[in-house]
Amino acid sequence: MIHMKKDGEWLVGHLVEDVASVGALLREQWRLPRKQVHLLFQHKEVLLDGTPAAQLAEAKAGQEIRLRLCRPEPLGLAPVDEPADILYEDDHLLVANKPPGLLLHPTEPRHTRTLDHLIAGHFARTGVAAKVRHVHRLDQDTSGVVLYAKHALASALLDERLRERNISRTYIAFVHGMVKQDSGTISQPIGKDRHHPNRRRVSSNGDPAVTHYRVVERYAQASKLECRLETGRTHQIRVHLSHLGHPLIGDTLYGGKGGMISRQALHAAVLRFSHPFGERPMEVRSPLPDDLLRLEQTLRQAPMRR
């Protein structure tokens, strides 16, 4: 994808190669929905060197292309006037740090303070008139990095990268027991548990799921793991580590024990991807929150069982 900058309601860039059809470029390479592309051309909101382009128009490398994709739009949520922890932000995307215990997005009308609401508040304070669009999700009790798109084209491109597994997410997990292998891969399909509406399980009829893990540190009665997702199934790390025989500390839904921490000990620590405009490599990190730092210290001090 070419480098593009925001100019008011327009995204502006210069083509790096010849294209036979501007419409095909927007639909097939830039992944904009067909209906949206049609409306852009209908309203003369695709310009080549300042002139409205037709869908079948050819374009040459070096020509300026303008897309009116940043029209003011409703936030979609009532903004909460409370600071959000922003780890990175530019004209196209934003990475936020989600604290544990906070829902990512509302699932019921009574949910009026979620991370999406906080991002809506951030947009309102900073003059971003855009719908709040999270690209991926985290469980309520999982902390760490969350990626947001700030306009429709960024959303389409980041969604495509997520589908093609070109957005890498690395988690830190504290699990019960000493994991023997230094590293490994859990490739087990995950499906719904028919006996529990909120739980998932390893199931031959489930969706393919792959988790890579590496032992970072071993304690007397626990292990600290780095986990990298190849797929993004609901509760994937929690299910896979429980299946491995090492459930997350605090994850009582999947066999972990409570007492040491009030939630599952899981943190989305690193997000890696290529920026959708310019393809520069991006790496955004979130430090361990205080409750996991305290847990880590407790585990280091725990005596060896005899």
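Above this note sits the structure.
The model shown is predicted, which means the values in this text are computed figures rather than measured ones.

A. Looking closely at the overall build of the chain. Each helix and strand in the chain was counted, giving six helices and 17 strands. Seen through its principal axes, the chain has C-alpha atoms that stretch 80 × 40 × 35 Å. Per-residue burial over the chain gives 52% buried out of 306 residues. Restricting the contact set of the chain to residue pairs at least 6 apart, pairs at least 24 apart contribute 66%. Total accessible area on the chain stands at roughly 15200 Å², and carbon and sulfur atoms take up 47% of it. Considering the chain, the positive charge centre built from 44 side chains and the negative charge centre built from 35 side chains are found 6 Å apart.

B. Inspection of the sheet that holds strand β3 (residues 46-48) at higher detail. In space, the five strands of this open sheet follow the order β1-β2-β5-β3-β4, with antiparallel pairing throughout. Of all the strands in the sheet, just β1 (4-7) and β4 (51-52) have a single pairing partner and so form its edges. As judged from the three bridges shared by β3 and strand β5 (residues 64-67), these two strands associate in the antiparallel manner. Note that in β5 the partner of Leu 47 across the bridge is Arg 66.

C. Examining the pairing of strand β16 (residues 266-274) more closely. Buried residues dominate β16, accounting for seven of its nine residues. Relative to β16, strand β9 (residues 143-149) runs parallel, the two sharing two bridges. Note that in β16 the partner of Gly 144 across the bridge is Ala 268. Here six bridges tie strand β10 (residues 168-176) to β16, and the two strands are oriented antiparallel to one another. In the strand pairing of β16, Ala 173 is matched with Leu 266.

D. Expanded view of helix α3 (residues 115-126). Under the 1.5 Å per step criterion, the end-to-end length of α3 is 16 Å for 12 residues, consistent within 8% with the ideal 16 Å. The element α3 is largely enclosed, with a buried count of nine among its 12 residues. Looking only at α3, the buried set comprises Leu 115, Asp 116, His 117, Leu 118, Ile 119, Ala 120, Gly 121, His 122 and Phe 123. For α3, the secondary structure elements touched by its buried residues are β6 (86-89), β7 (93-98), β8 (133-134) and β9. By the N-cap criterion, in which a side-chain oxygen at the helix start approaches the backbone nitrogen of a residue two or three places on, α3 is capped by Thr 114, the distance to Asp 116 being 3.3 Å. One or two residues past the end of α3 sits Gly 127, with phi positive at roughly 80°.

E. Up close: the packing of helix α1 (residues 22-29) against helix α2 (residues 34-42). Running from N to C, α1 and α2 cross one another at 150°; their axes reach a closest spacing of 9 Å. The pairing of α1 with α2 is recorded here as roughly antiparallel in orientation. α1 and α2 meet at a crossing whose hand is right-handed. Contact with α1, carried on its side by Val 22, Gly 23, Leu 26 and Arg 27, involves Arg 34, Val 37 and Phe 41 of α2 and no other residues of that element. When grouped by side-chain class, the residues that make up the contact of α1 with α2 number four nonpolar, one polar and two charged.

F. Main features of unusual backbone geometry. The backbone phi angle of His 235 is positive, close to 60°, even though this residue is not glycine. You can see His 235 is positioned in the loop between β15 (222-229) and α5 (236-244). Given a relative accessible area of 14%, His 235 falls into the buried group. The phi dihedral of Glu 279 is positive, around 65°, even though this residue is not glycine. Mapped onto the elements of the fold, Glu 279 is located in the loop between β16 and β17 (281-285).

G. Representation of the pattern of salt bridges. Under the counting rule described, the total for this entry stands at 26 salt bridges. Across the pair Arg 68 and Glu 9 runs a salt bridge whose closest N-O atoms are separated by 2.8 Å. Note that Arg 68 is positioned in the loop between β5 and β6 and Glu 9 in the loop between β1 and β2 (10-14), a separation of 59 residues in sequence. As a salt-bridge pair, Arg 31 and Glu 160 come within 3.6 Å of each other at their nearest N and O atoms. Of the two residues, Arg 31 is situated in the loop between α1 and α2 and Glu 160 in helix α4 (residues 152-163); the sequence distance between them amounts to 129 residues. Relative accessible area serves as the criterion here: at 14%, Glu 160 is assigned to the buried category. Each of Glu 9, Glu 45, Arg 68 and Arg 71 takes part in one network of salt bridges that share partners.

Definitions and cut-offs
- Residues numbered from 1 in each chain as written.
- Predicted model: local features only at pLDDT ≥ 70, side-chain atom pairs only at ≥ 80, totals over all residues.
- Heavy atoms only, no water.
- Helix = DSSP H or I, 4+ residues; strand = E, 2+ residues; numbered from the N terminus.
- Buried < 20%, exposed > 50% of the residue type's maximum accessible area, 1.4 Å probe, protein only.
- Contact = heavy atoms within 4.5 Å.
- Areas by Shrake-Rupley, 256 points an atom, 1.4 Å probe, with all protein chains shown as cover.
- Lys, Arg positive; Asp, Glu negative; His and termini not counted.
- Charge placed at Lys NZ, Arg CZ, Asp CG, Glu CD.
- Pairing = 2+ DSSP bridges.
- Expected span 1.5 Å × (residues − 1).
- Polar contact = N/O pair within 3.5 Å; in protein donor to acceptor, adjacent residues only side chain to side chain.
- Axes fitted to C-alpha atoms, helices over the stretch in contact; angles between N-to-C directions.
- Parallel < 35°, antiparallel > 145°, perpendicular 65-115°, else oblique.
- Left-handed = near helix turned anticlockwise from the far one by under 90°.
- Nonpolar A, V, L, I, M, F, W, Y, C, P; charged D, E, K, R; others polar.
- Salt bridge = Lys/Arg side-chain N within 4 Å of Asp/Glu carboxyl O.

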